[in-house]
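Residues per chain, in single letters:
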Amino acid sequence: MDSAVEKLPILFLCILLYIIVLAIPSVRKNGLRSKLSPLIPIGAFLFFLLGFDGNKQTAVLWSHDLLPTQLSFTIDGLGRLFALLITGIGSLIFIYANGYMKGAKYTQRLQSFLLLFMLAMLGVVLSDDLIMLFIFWELTSVSSFFLIGFKNEDEASRKSALQAISITGLGGLVMLGGFIILGEIAGTYAISEMHNPETIATITSHAWFTPMLIFILLGAFTKSAQFPFHFWLPGAMKAPTPVSAYLHSATMVKAGVYLLARFSPILGDTPVWTIALISFGGVTMIYAAFQALFRTDMKSILAYTTVSALGIMVFLLGMQSSDAIAAVSLFILVHALYKAAFFMLAGTIDHETGTRDISKLSGLKTAMMPLFVIGILAAWSNGGVPPSVGFLGKDLIYESTLAYPGLNYLLTGVSVGTNIMLFAAGLLVGWMPFRGKKISHKNLQLPAPSLWVPAAVLAVLGMLFGLFPSLINDSLINPVANSISGQPEDIHLKLWHGLNTVLYLSLLTMGLGFLTYLVIRPGAGMLGFIESAERFGPRRILHGISHGFIGLSDWITKILQNGKLRIYLLVILGFLVLILGYVVLAETTFTIDIDMLTNITIYEVIIVGILFISVFLTLFSGSRLAAVAAMGVVGYTLCIIFVFYSAPDLAMTQFTIDTLTVILFVLVLYRLPRFIRLDFSPRHILDGLVAIAVGALMTIISLEVLQRMPEREISDYYALNAYVLAKGKNVVNVILVDFRGADTMIEIVVLSIAAIGVYSLLKLRLRKNEKME
Amino acid sequence: MEILLAITIGLLYAAGIFLILRRSMVRLIIGLILLGNGANLLIFLLGRISKGKPPIIPEDSKVFLDAYADPIPQALILTAIVISFGLQAYAIILVKRAYRVVKTDDIEEMITTDEI
Amino acid sequence: MNTIILKTASKYLLPLLLLFSIFVLLRGHYLPGGGFVGGLIAAIAFVLHAFANGLPHTQRLMRIHPGFLMPFGLAISAVSGMFPMLLNQPFMTGVWKKDPVPVIGSLGSALFFDIGVYLVVIGASLTILFTISETR
Amino acid sequence: MIAHVVIWPILLPLVSAIVLMFFWNQSKVQRYITVAGHGISLLASFWLALRTYSGDIITLNSGSWPAPYGIVFVADALSGTLVLLASLAAFCVSLFSVVSIGTGRASFGFFPILQFLLMGLNGSFLAGDIFNLYVWFEVIIISSFVLITLGSERAQLEGAIKYVTMNLLASIIFLTGIAILYGLLGSLNLADLSVKIAQSDDKGLINTAAILLLVGFGIKSAIFPMYFWLPASYHTPPAAVSAIFGGLLTKVGVYALIRVFSLLFIDDPFIRSTFIVLAVSSMIIGAMGALVQQNIRKIFSFLIISHIGFMIAGLGMFSTLAVIGMVFYLFHDIIVKTNAFMISGLIFKLRGSFRLENLGGLYNRYPYLSIMFALAMFSLVGTPPLSGFWPKLFLLKASFNELNWWIIGGIIAASFLTLIAVIKIWLSVFWRKHPNYVEAKKRIVWYDLPKIQKFTILLPIAILTVVSLYIGLNAAKIVEICQLIAEQITQPSLYIDAVLSNPENQP
Amino acid sequence: MRSLFLMNILLTLVWAALTGKFDYGNFIFGFIISYAVLWIITRGTERAKYFSRVPKILIFIGFFVKELIKANIQVAYDVITPTNHMKPAIVGIPLDAETELEITLLANFITLTPGTLSMDVSDDKKTIYVHAMYVEDKQDFIDSIKNGFERKLLDILR
Amino acid sequence: MTDFWIVLLSSAGALFILLAAIGILRMPDFYMRVSVTTKAATLGVGLILVASAFAFKNFSVTSRVLAILVFILLTAPVGAHMIGRAAYFIGVNLWSKTKMDDLKDKYDKKSHKLK
Amino acid sequence: MSINDYLYLIILPILSISVFLVFVRFIIGPGISDRVVALDLLITIGIGIMAIYAIVSDKASFLDIAMIFALIAFLGTIAFSYYLEKRRRDD
Ligand code: NA
Ligand code: NA
């Protein structure tokens, strides 16, 4: 019987089909196709909700001997939670988007990219094969590139899209390197096959383990916006809000977290892992939370809190303890719920009021009561105030930091600090716009239900799960924890743990958080402060590096591609001299056996002497005509050499062609200017040295070759058969027209082309509209 | 004689290279032609040289009766010569045309296509 | 060029040289010569004629543009190379007439091939030289 | 049985070219003949390629002279595939040029020379004799000289001076290498040379020949530091010409390196490490060049250099995996680069410029075209699962097995820089608003074209995009072919036996 | 027509001479080739009488050889001895020769004789300009040419 | 007997050629160099060619020698005339002791027509 | 002394010396027309050398080269004359 996992391709195909349906042009702005689009994520959500329990299912659907990859899916607790988040929040986002984009251009385009993104995300969390995972991973980068740059005529959007794809693209490529090393070390690219202890031991003890791990972590960190790569995410807020809500709360940014969670049982039990995750996660969470406090744009605040939350997740995954695993398992869910709600809230406010600046918003409570409730609930959950599900999460975080051997104070301090600031930031978004007097925004009404109901659902769920943790304890969270730790975990989520340190810490967090909120006064001044602080931040540094690199590229390119033929040739010839010289010096013998050589006669000396003088005349003559004539003489002397050494055919041809070349030259020359007369300069020395080096190498090599016995097998065959089989006595000609006739055939083609070329060069005059084609 | 020819080859290569490194297009072409001559002579020499034994079967015989020069290098050089003729003719005309259009014989003034 | 001495001489030289070129072409299989040199000599003959009498005169004499000798020659060579394929033999295989022909010797596809070479060489050389002569 | 099939991809373009020369001035007739000719050649090539996929190495002894005495034409799976791809690219380019090349160029030999160029390419792929390969190279370079200067624009001529000089230098160096090989071993047949080199103990001298061939082919394939001619010239001729150049010309150099070195010299560690150093430098330097260019065609030109590095890296490693990656990349690159240059030509038709600062607004104006462009571009980058991804995967695997950090780093860095370069094009050409739209509108040629011509110009781009998609999505099939090729390439004895023990060889 | 035919025969003979084979096949072949060549090149050849000139030609050759040797010795002497005795001049000589062939032959014989060099013929074909190395007196020199080469040559040709 | 003719003819030929070579070096102006070389060298080469005809005593060689002789006799004076004329155009100076120059100012500067 | 020795030891050296002398003229010029004449003479002497060489090596085919030489010498002279008549005055 087919297990549910084997039906995944059908699901993927359906989504793909609908993407194509959406991509086909439509006359109407908000057609039926876009109205029906929420059905796809809803259907998928139901598929994952009902089709699977938390037990692991793996299926190889297609494989090929020669490809390192196979089409295989695995679904376990971790995968299922993510799939549910992706499709569940996706469903709400699609409903929300239908409302948000009403009347806007390119709705279908947006939805098709969103669906593509959902497809990619599902692929990431369900693939069992490393390469497949990578394929979907890149697809998320690409589709998010299109989504972030959705308002493509806006310069800032383009910049953010470029930033996002640069960072995630680089991370992805590096990660691919890591994947391949991992796959090759493990001997398999199937993640599910790496779980047995021997394979894990092989992997972790391999010499390339550390670089491999660093590569994979780079992929995960860039995607999940860890410090110092975090800044692309706040930048990505240029996208339409449904996109931000989807990409940056629930899903894409968590792909990195997913990846870490997925590899945690395989790679987690190593020092590099622990150190890297705890330190980068820790820095990210506190740094981003701090940044969030100084923003005025709601989406910007949310973006930074998201970065911080991702930092928390990475941080927890680094600790590897049961509590930490339980914490992260829960926090993934918690964060998705309230953050998506927040984003939709921010989007709706923006949509209705035209601004997201919290320093300009106030008193929205009266007009938008449901939104206010959503804000409160989300902030509640965000702040970890009981009885929200957020409280459960925060509890577990503190428990795990407190239990961490050696660094418990530091880690706990960092966590508390982060949470204090996050608490305040939550209030900035969920509370601040609603409090106070209604000032600027007249005629505000409650927006259409599609703009607030989806957020409400999430906010309510956040509260519901907090009140009734058993709803998710066994069905969702525990299986996730099992996946992350690689062994059965036993999690009991409960609101009340008694009066202990954790509770005091929670209370401290809430108190100080509220205090912070009261102190914070968002506005231009604070923004200015944080912007100037940013000057030394990683964004500036990475920008500096990238600009530096572009500058370097520019410099190198201008140095190398400098337009001067002489330099090009010098580089090529210099390279030839170096490498050929090395081979000649290292591997040849420099012996000459005089006996093997023929005698020199005075005539030959004269001929060669004339040749030498002519060559020098071509080199140094100031007159072009004299140079050309001397070149002709060089040809003639060669021709005489051919005559002496038994090559009459060659002599005839060389002689005629040499003359024709000289004539051509002469015909051309009288239209050209005289030689540029230049005084002797150092460049002559360099050129001369290279020239002499090449010449000397050729002399040495030819003398060396002449020491070897000649091979005459093929010549003898020709000599034997020229008359008998090919019916000719001039063997050279027989070679030309018969033995190697194909060469000759091609050669006359060359000649014809050259003639056409000459004709066209001189005769063709383009009309104006033909100049560039 | 081989030594002399080997030195000649070296000289032809060196001169050709020195000339293609000049700024004048005419010298450039002459350099290429000298290089071509050098390569032809190299083929000729490395195919081994022998005096007075053209590879032509005597009139009254079906095969060679005594030693003969290796005909293959000769055939190769013939092919190479004719090809070079085509290429050189083209190159010479190119120079002419380039001079007409760019108005200079100086290669170092032809750098626009390399600019970013 | 404006000299009757050269003009008169070229009138007699042209047929002489053309004949010589064909001679060189035909005996190439036995003695030094062949399509290349033959073609080049023929081309030189026309070039000399053009030097003496001016290009238009020589071109009128030739009736067709020398460039068209190239496709002709190529076609002859290609056909003589492909003809054996009709007899289910590889490209360029020599096909010979049984009995030898006077002067030329054995008549075979190789000869036609060489004639093609001859024509292409004439066509190409003349195209190049004539074009350059008539262009300012 | 005589394998005439080997020679048809050479003869058909020749015949077409001859026919086209007879119709010298009739550019209209030429357009029909040229498409028909390329179509027929494509069919013949397809037939040949299919024949080679059975695993046979098909040989043809021209003139019935047995190897190594005569010139032999050899089609193994690599040659077969390359012939097929060359014919495909040429077919597409001829379709593209039917509309895009004006009467001026068409009545001065453009179409016959395009045929000659294809003949030269196919000949090079099928040559089994090193001197014959040289002669084919000459066909290619002279055709390319003519095509690149056809029109005699200033930029064309300036670029051509460099292009011509360096290519002629490469030919001379190549010839020098041949001279040494013949002088040492008395043979020109590649298979025979392979046998003789294996028996020879003159490694030093053989290596000098290897170095000369490396530099000769290296110039032609635009490897660092021998690439300078390429960015100086490839952006100067009409787009159709750039397309065929960008797709195929440097690849012939790569093919020659693969063929000659796999048969003759690859066992030498010095040669192999040289390849690797050159490969990694090419990847990086080329990509850095692409990063800073402002002309679309120059960006693609520098990307050619960078991506040649991938293939050379494969040659340097020369394991089965590496060869699979290398030839796969070769196939992918032919399709994608041809397409990229045709697309740049189309962009020029639409907007009248190749320079980024003058372009923009294509995404909103032509969304579906844009998607096609995007697909082509992401294939170029190697975004999975498009065609460029798979070969990189194999190359990465191979470099891990070699434990070669340099190649891994090079591939990753070059891929990333390629991504950025392509994104740069995308952002300014497609996403950005057209900076001076009104002014540009006057120059747009596209609107003047009748529908059938628009179709003719889009069709080749669509064909190549689909082929590229097919390669990417049906990678398994391609890898099977590449595996076959890798077996044939890494075991020279297969080639040698096929050439030297051909039953036709016994007269 | 007749001159064409003669020309054809002549070329056929040349052909046979070149190939060195005198059998029927070769003559026929040579005839065909010459015919083809003539067909290509013939444009307005004038007719001429070919007979009764052989003795005159022989006499002329004798004269020419005599002049050749005489002049050669004179020049040789000057070349070898250190002092120069030359009295060069460019002299315009009025022509009696009229046709192009006559003028050309005359000019060529003048050139072939050492010490004299035909520089050019005026466009009206009335004067030939000769550079000579030994001109004592202009009129004497003109007379020697007109009475020597020109008269004897025109005898043969007319 | 044959050998005698060969020696005689080739020696005479070689001497004439040597004469031409010395002449071209020694003569004071261009026109006289041409005057000297054309004839002496033609004569010398012709003699050597005849010598080779004697050496081979073979009809085909003899006819070839004749063909070459005819060709040389036809072309050598034409060539000399052409280069002499061209040199005059470009103003190659006559020897200072030249007695007269009837050609002076007879050429039309542009069209090169000769009065 | 055989006839071949005579040709080899007497005639060829004389011709070689002649070649050398003419080559000196080729080098020193002074004008381009002098060089052309020298070149023409060089090739003409080449014909003589070919003829002698044909006798010495008993290969009549060298006479064919002589024919080509004669043709080329003429062509070269004519071409240079043509050039000299047409070119600008400044070379
Ligand atoms: Na054959
Ligand atoms: Na002369």
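In what follows, the structure referred to is the one given above.
Because the structure is a prediction, the values reported are computed rather than measured.

## Here's the deal with the overall build of chain G
Secondary structure assignment for chain G yields 3 helices and 0 strands. For chain G, the sequential pattern of α-helices and β-strands runs α-α-α. By its C-alpha atoms, chain G is 55 × 25 × 10 Å across when sized along the principal axes. Taking all 91 residues of chain G together, the buried fraction comes to 75%.

## Some words on the overall build of chain F
When its secondary structure is counted, chain F shows 3 helices and 0 strands. Written out in order from the N terminus, the α and β elements of chain F read α-α-α. Taken over the C-alpha trace, chain F has a radius of gyration of 18 Å; the compact-globule value for 115 residues is 13 Å, which it surpasses by more than 25%. Burial statistics for chain F: of 115 residues in total, 63% are counted as buried. Expressed as a percentage of contacts within chain F between residues at least 6 apart in sequence, the contacts between residues at least 24 apart total 56%. Measuring between centres, the 14 positive side-chain charges of chain F sit 2 Å from its 6 negative side-chain charges.

## Quick notes on the sheet that holds strand S2 (residues 116-121) of chain E
Through backbone hydrogen bonds, the strands of a sheet pair up, either in parallel or in antiparallel fashion. With antiparallel pairing, the 3 strands of this open sheet are ordered in space as S1-S3-S2 (chain E). Taken across any chain shown, the strands that pair with only one partner, and hence form the sheet edges, are strand S1 (89-94) and S2 of chain E. Neighbour to neighbour, the strand axes of the sheet diverge by 30° on average, direction disregarded. Here S1 of chain E runs beside strand S3 (residues 127-132) of chain E; their pairing, made up of 6 bridges, is antiparallel. Residue valine 91 of chain E lies in a different strand from S3 of chain E, and its bridge partner there is valine 130 of chain E. Seen against the sheet, helix H4 (residues 100-112) of chain E touches S2 and S3 of chain E and runs at an angle of roughly 150° to S2 of chain E. Against the sheet, helix H2 (residues 30-56) of chain F touches S2 and S3 of chain E, its axis set at about 115° to S2 of chain E.

## Describing the arrangement of the chains
In this assembly, 13 pairs of chains are in contact, and the pair contributing the most contacts is chains A and D. Nothing in chain A touches chain F, and the closest approach of their C-alpha atoms is 13 Å.

## A word on the interface of chain B and chain D
If you look at the interface, chain B gives 37 residues, while chain D gives 39 residues. Carbon and sulfur atoms make up 74% of the surface buried where chain B meets chain D, a total of about 3,200 Å² over both sides. Connecting chain B to chain D are 1 salt bridge. Applying the counting rule to chain B against chain D returns 13 residue pairs in polar contact (both at pLDDT 80 or more). Only helix H1 (2-20), helix H2 (25-46) and helix H3 (71-102) of chain B provide two or more residues apiece to the side of chain B that touches chain D. Among the residues making up the side of chain B that touches chain D, the classes are represented as 25 nonpolar, 6 polar and 6 charged.

## Observations concerning the coordination of the sodium ion (ligand 1)
In the first shell of the sodium ion (ligand 1), the protein supplies Asp738 of chain A (OD), Met92 of chain C (O) and Gly94 of chain C (N), at 2.0 to 3.1 Å from the metal. Residue aspartate 738 of chain A is found in helix H30 (residues 731-739), and its partner methionine 92 of chain C is found in the loop between helix H4 (69-86) and helix H5 (109-134); the two belong to separate chains. Comparing aspartate 738 of chain A with methionine 92 of chain C shows no difference in burial state: the two are buried.

## Topic: the state of the cysteines
Overall, the coordinates contain 0 disulfides over all chains when judged by the stated rule. Considering cysteine sulfurs only, cysteine 92 of chain D is the nearest to cysteine 482 of chain D, which forms no disulfide, with 20 Å between them.

## Let's talk about the interface of chain A and chain D
In this assembly, 106 residues from chain A lie in contact with 126 residues from chain D. Between chain A and chain D, a total of about 10,300 Å² is buried, with carbon and sulfur atoms accounting for 77% of that surface. Summed over the shared surface of chain A and chain D, the number is 5 salt bridges. Between lysine 196 of chain D and glutamate 713 of chain A there is a salt bridge, with the nearest N and O atoms lying 3.3 Å from each other. In this structure, the connection of chain A to chain D is made through 16 residue pairs in polar contact (both at pLDDT 80 or more).

## Notes on the nonpolar core
If you look at the biggest cluster of nonpolar residues, it comprises 811 residues, and the most contacted ones within it are Phe263 and Leu267 of chain A together with Phe261 of chain D. Per-domain counts for this core show at least three residues from each of domain 1 (2-43) and domain 2 (50-157) of chain E. If we skip the residues at most four places from it in the chain, leucine 267 of chain A touches Leu182, Ile203, Phe209, Met212, Leu213, Ile216 and Trp273 of chain A.

## Overview of the environment of lysine 337 of chain D
Residues and elements named next belong to chain D. Relative to the helices and strands, lysine 337 is located in helix H14 (residues 320-351). The spatial distance from the C-alpha of lysine 337 to the C-alpha of tryptophan 390 is 16 Å, given a sequence separation of 53 residues. Excluding residues that lie within four positions of it along the chain, lysine 337 makes contacts with Gly246, Gly247, Lys251, Phe300, Leu303, Ile304, His307 and Leu380. There is a polar contact of 2.8 Å between the side chain of lysine 337 and the side chain of histidine 307.

## Notes on the pairing of S2 of chain E
Most of S2 of chain E is tucked away: 6 of the 6 residues are buried. In this antiparallel pair of consecutive strands, S2 of chain E and S3 of chain E, the connection spans 5 residues, and lysine 125 of chain E shows a positive phi of 60°.

Analysis parameters
- Residues numbered from 1 in each chain as written.
- Chains lettered and ligands numbered in written order.
- Predicted model: local features only at pLDDT ≥ 70, side-chain atom pairs only at ≥ 80, totals over all residues.
- Heavy atoms only, no water.
- Helix = DSSP H or I, 4+ residues; strand = E, 2+ residues; numbered from the N terminus.
- Buried < 20%, exposed > 50% of the residue type's maximum accessible area, 1.4 Å probe, protein only.
- Rg over C-alpha atoms; globule rule 2.2 N^0.38 Å.
- Contact = heavy atoms within 4.5 Å.
- Lys, Arg positive; Asp, Glu negative; His and termini not counted.
- Charge placed at Lys NZ, Arg CZ, Asp CG, Glu CD.
- Pairing = 2+ DSSP bridges.
- Axes fitted to C-alpha atoms, helices over the stretch in contact; angles between N-to-C directions.
- Buried area = accessible area lost by both parts, 1.4 Å probe.
- Salt bridge = Lys/Arg side-chain N within 4 Å of Asp/Glu carboxyl O.
- Polar contact = N/O pair within 3.5 Å; in protein donor to acceptor, adjacent residues only side chain to side chain.
- Nonpolar A, V, L, I, M, F, W, Y, C, P; charged D, E, K, R; others polar.
- Donors = N, O, S within 2.8 Å, 3.2 Å for Na, K, Ca; no water.
- Disulfide = S-S within 2.5 Å.
- Core = buried A, V, L, I, M, F, W, Y, C linked by side-chain atoms within 4.5 Å.
- Domains from an automatic or database assignment.

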